[in-house]
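Descriptive structure summary
Read off the chains here:
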Amino acid sequence: MKGAKENRKAAKNPDLLIAGGGLAGLALAAILGRAGAMVDVVDPSPAPEPLKGLIPSGRTVALMESSLNILRAAGIGDVLERFGCPLEVMRIIDDSRAQDEPIVRDFEANDIGMARFGMNVPNNILRSALFEAVKGLPNVRLHTGRSVNSYQPNTQNVRIELDNGYEIFAKLLAGADGRGSIVRTISGIETHKVEYGQSAITCIVNHSRSHSNTATEFHRPGGPLAFVPMTGNQSSIVWIEKTEQAEALIALPREAFEQTLQARSANILGGITLESPPECWPLVSLRARSLKAERTVILAEAAHVMSPITAQGLNLSLRDVAALAETVIDHLRLGLDPGAESAIRTFEKRRTPDVFSRVAWVDFLNRIVADDKEPVKDLRRAGLKAVSRIAPLRHVAMRYALAPSVDEGRLAQGLPL
Ligand SMILES: Cc1cc2nc3c(=O)[nH]c(=O)nc-3n(C[C@H](O)[C@H](O)[C@H](O)COP(=O)(O)OP(=O)(O)OC[C@H]3O[C@@H](n4cnc5c(N)ncnc54)[C@H](O)[C@@H]3O)c2cc1C
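Read on for an overview of the structure. Model, not experiment: these values are computed from the prediction.

**Focus on the pattern of salt bridges**
- Taken as a whole, this structure holds 23 salt bridges when the rule is applied.
- Among the salt bridges present, the one from Arg-116 reaches Glu-65, with a minimum N-O distance of 2.5 Å. Of the two residues, Arg-116 sits in the loop between β6 (103-108) and β7 (118-122) while Glu-65 sits in helix α3 (residues 65-72), which places them 51 residues apart along the sequence.
- According to the relative accessible area criterion, Arg-116 is buried, its value standing at 17%.

What follows is the structure, encoded as structure tokens:
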């Protein structure tokens, strides 16, 4: 691939066109661009705010070590260390039975020989850092404020038309264009979707006590409430409620919202004030029935959406990113067509077991955690006690939550592309 960079800078037709410059699309562009591939990225939203001077706001993502390895390959390792907060302890408090004492159980990273499970990183910081990493690459073209309208694959390439009529001929089209994916729709890929009737309230809060790098999740009637540590005395909140209830909560005056949240937190973090305003995200489970069409693949939320409990969404998406980057680069290095059926079949075969099993597992957990029926509560509480008491069971559960038992590629292990 050496020397190819300069030629590709001038080349008109990219190896890969990525629809979607969200976290997944930009990570893919940065990894492939740094390896010398010619990449175009199309996204209707404007460029994010510059990283310099940016303050964390909105949502955060808890990323496991394997995901951090993948993002390091995108060239943003220093940003992760600067803005990420280590996750050292996961505390679960089952407070679902008013008549009983809450069950409190800690799961510690050092119990499975790790210094930390991963890091919690603000989404806005991550997107700006990835955007800047991509912008600095001469062989990546960014089409901001543009969207993919249509595509036509043939034996040589795929012709993509943008909303301004601009045409791009790429070898492969990658749809990383989010849950409403146009690429998924126009390529005819069907989905299996479940609406939960729940929404997640998210915000960033300041608190008077230290979180000690502990993420705390309350299991309570209605739905779980998680405090995920950020740098300093701040945490991000993911608070799941029935949609009607969630909308009513975010409509509360600021002080009333803060008091309600503080009461729900049993004061474990002391006094709470809002740093960023609460927002509401409707929850669904969605899985594409296939990850490919002719000269096309879909990945990340275009292919799977999950409830945020257990923080699996972007972690799963980054494994898609890594698998696609490895497949594309392996083909390019051998002088093969990265959009050929062999390449997209390799990607789909690699990713299907991980995607299917994670979406099913998170859907199952979401139903169990939100269920208020007494027998389910009993089962949940007994399960939590057993998992925390029996060391081998506890270790298996923690490892499964952290990393896949399938598809651990080069990038996830921290190896070079
Ligand atoms: C409350 C909440 C908490 C979460 N917490 C975690 C967590 O702790 N850990 C974790 O791993 N995951 C978490 N997730 C999931 C994670 O946030 C998402 O998986 C991730 O942000 C999705 O990234 P994406 O790039 O797939 O999609 P998006 O961010 O939606 O990006 C899609 C991009 O495609 C663009 N686009 C749309 N239409 C077109 C078009 N026609 N042409 C071109 N581009 C288009 C959009 O503008 C957008 O920029 C959470 C999710 C929620 C809702």
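Alright, that's what it looks like, and here's the rest.
**Thoughts on the sheet that holds strand β8 (residues 140-144)**
- As summarised here, the arrangement of the six strands in space is β8-β2-β1-β12-β19-β18, forming an open sheet in which the pairing is mixed. In the strand order of this sheet, the two ends are held by β8 and β18 (292-293), each with one partner.
- Helix-sheet contacts for helix α5 (residues 123-135) involve β2 (39-43) and β8, and the interaxial angle to β8 is about 130 degrees.

**Some points on the packing of helix α9 (residues 313-333) against helix α10 (residues 341-370)**
- It is at 10 Å that the axes of α9 and α10 come closest, and there the two elements cross at 165 degrees. Comparing the axis directions of α9 and α10 gives the class roughly antiparallel. The two elements α9 and α10 meet at a crossing, and its hand is right-handed. In this structure, α9 contributes Leu-316, Arg-319, Asp-320, Ala-323, Leu-324, Glu-326, Thr-327 and His-331 to the contact, and α10 contributes Ser-342, Ala-343, Thr-346, Phe-347, Arg-350, Arg-351, Asp-354, Val-355 and Arg-358.
- For the contact of α9 with α10, a count of residues per class yields six nonpolar, four polar and seven charged.

**Here's the deal with the pairing of strand β10 (residues 158-162)**
- For β10, the tally of buried residues reaches four of five residues, placing the bulk of the element in the interior.
- Sheet analysis places strand β9 (residues 148-153) next to β10, joined by five bridges and oriented antiparallel. Looking across to β10, one finds that Gln-152 is bridged to Arg-159.
- Here β9 hands over to β10 after four residues, the two strands then running antiparallel side by side.
- The pairing of β10 with strand β11 (residues 167-170) spans four bridges and is antiparallel. Within the sheet, the bridge partner assigned to Val-158 lies in β11 and is Ala-170.
- Counting the residues in the hairpin turn of β10 and β11 gives four residues, including Gly-165, whose phi is positive at 85 degrees.

**Overview of the site of the ligand**
- Taken together, 30 residues form the shell around the ligand, and within it Asp-43, Arg-59, Ala-62, Ile-182 and Leu-314 come nearest.
- One of the backbone N or O atoms of Val-42 is found 3.4 Å from a nitrogen atom in the ligand.
- Contributions of two or more residues to the shell around the ligand are made by α2 (23-34), β2, β3 (60-64), β13 (191-207) and α9.
- Residues that form the shell around the ligand fall into these classes: 15 nonpolar, 11 polar and four charged.

**A few points about the sheet that holds strand β4 (residues 85-87)**
- Ordered by their spatial adjacency, three strands build an open sheet running β3-β7-β4, and the pairing between neighbours is antiparallel. Each end of this open sheet is capped by a strand with a single partner; those strands are β3 and β4. Along the sheet, successive strands turn relative to each other by an average axial angle of 30 degrees, direction set aside.
- Looking at chain direction, β3 and β7 are connected through five bridges and run antiparallel. Paired with Thr-60 across the two strands is Pro-122, which belongs to β7.
- On top of the sheet, α3 reaches β3 and β7; it is set at about 100 degrees to β3, its chief contact.
- Against the sheet, α5 engages β3 and β7, with an angle of about 85 degrees to β7.

**Looking at unusual backbone geometry**
- One non-glycine residue with positive phi stands out, namely Asn-213, at about 55 degrees.
- Along the chain, Asn-213 turns up in the loop between β13 and β14 (214-219).
- Of note in the backbone geometry, Thr-310 takes a positive phi value of approximately 70 degrees without being a glycine.
- Position of Thr-310 relative to the elements: it lies in the loop between β20 (304-305) and α9.

**Observations concerning the side chain of Arg-159**
- Looking at the element boundaries, Arg-159 is found in strand β10.
- Since its relative accessible area comes to 16%, Arg-159 is described here as buried.
- There is a polar contact of 2.7 Å between the side chain of Arg-159 and the side chain of Glu-167.
- Apart from the residues within four sequence positions on either side, Arg-159 is in contact with Ser-150, Tyr-151, Gln-152, Glu-167, Ile-168 and Phe-169.

**Let's talk about empty space enclosed by the protein**
- Across all of its chains, the model carries one cavity of 30 Å³ or more by this definition.
- The space that makes up the largest cavity amounts to roughly 40 Å³.
- It is β8 that provides the largest number of residues to the lining of the largest cavity, a total of three residues.
- Of the residues belonging to the lining of the largest cavity, the class tally is four nonpolar, four polar and two charged.

Rules of the game
Residues numbered from 1 in each chain as written. Predicted model: local features only at pLDDT ≥ 70, side-chain atom pairs only at ≥ 80, totals over all residues. Heavy atoms only, no water. Salt bridge = Lys/Arg side-chain N within 4 Å of Asp/Glu carboxyl O. Helix = DSSP H or I, 4+ residues; strand = E, 2+ residues; numbered from the N terminus. Buried < 20%, exposed > 50% of the residue type's maximum accessible area, 1.4 Å probe, protein only. Pairing = 2+ DSSP bridges. Contact = heavy atoms within 4.5 Å. Axes fitted to C-alpha atoms, helices over the stretch in contact; angles between N-to-C directions. Parallel < 35°, antiparallel > 145°, perpendicular 65-115°, else oblique. Left-handed = near helix turned anticlockwise from the far one by under 90°. Nonpolar A, V, L, I, M, F, W, Y, C, P; charged D, E, K, R; others polar. Near = heavy atom within 4 Å. Polar contact = N/O pair within 3.5 Å; in protein donor to acceptor, adjacent residues only side chain to side chain. 1 Å grid on protein atoms, 1.4 Å probe; cavity = no way out; pocket = protein on both sides within 12 Å on 5 of 7 lines; lining within 4 Å. Points joined across faces, edges and corners; volume = space filled by probe spheres on them.

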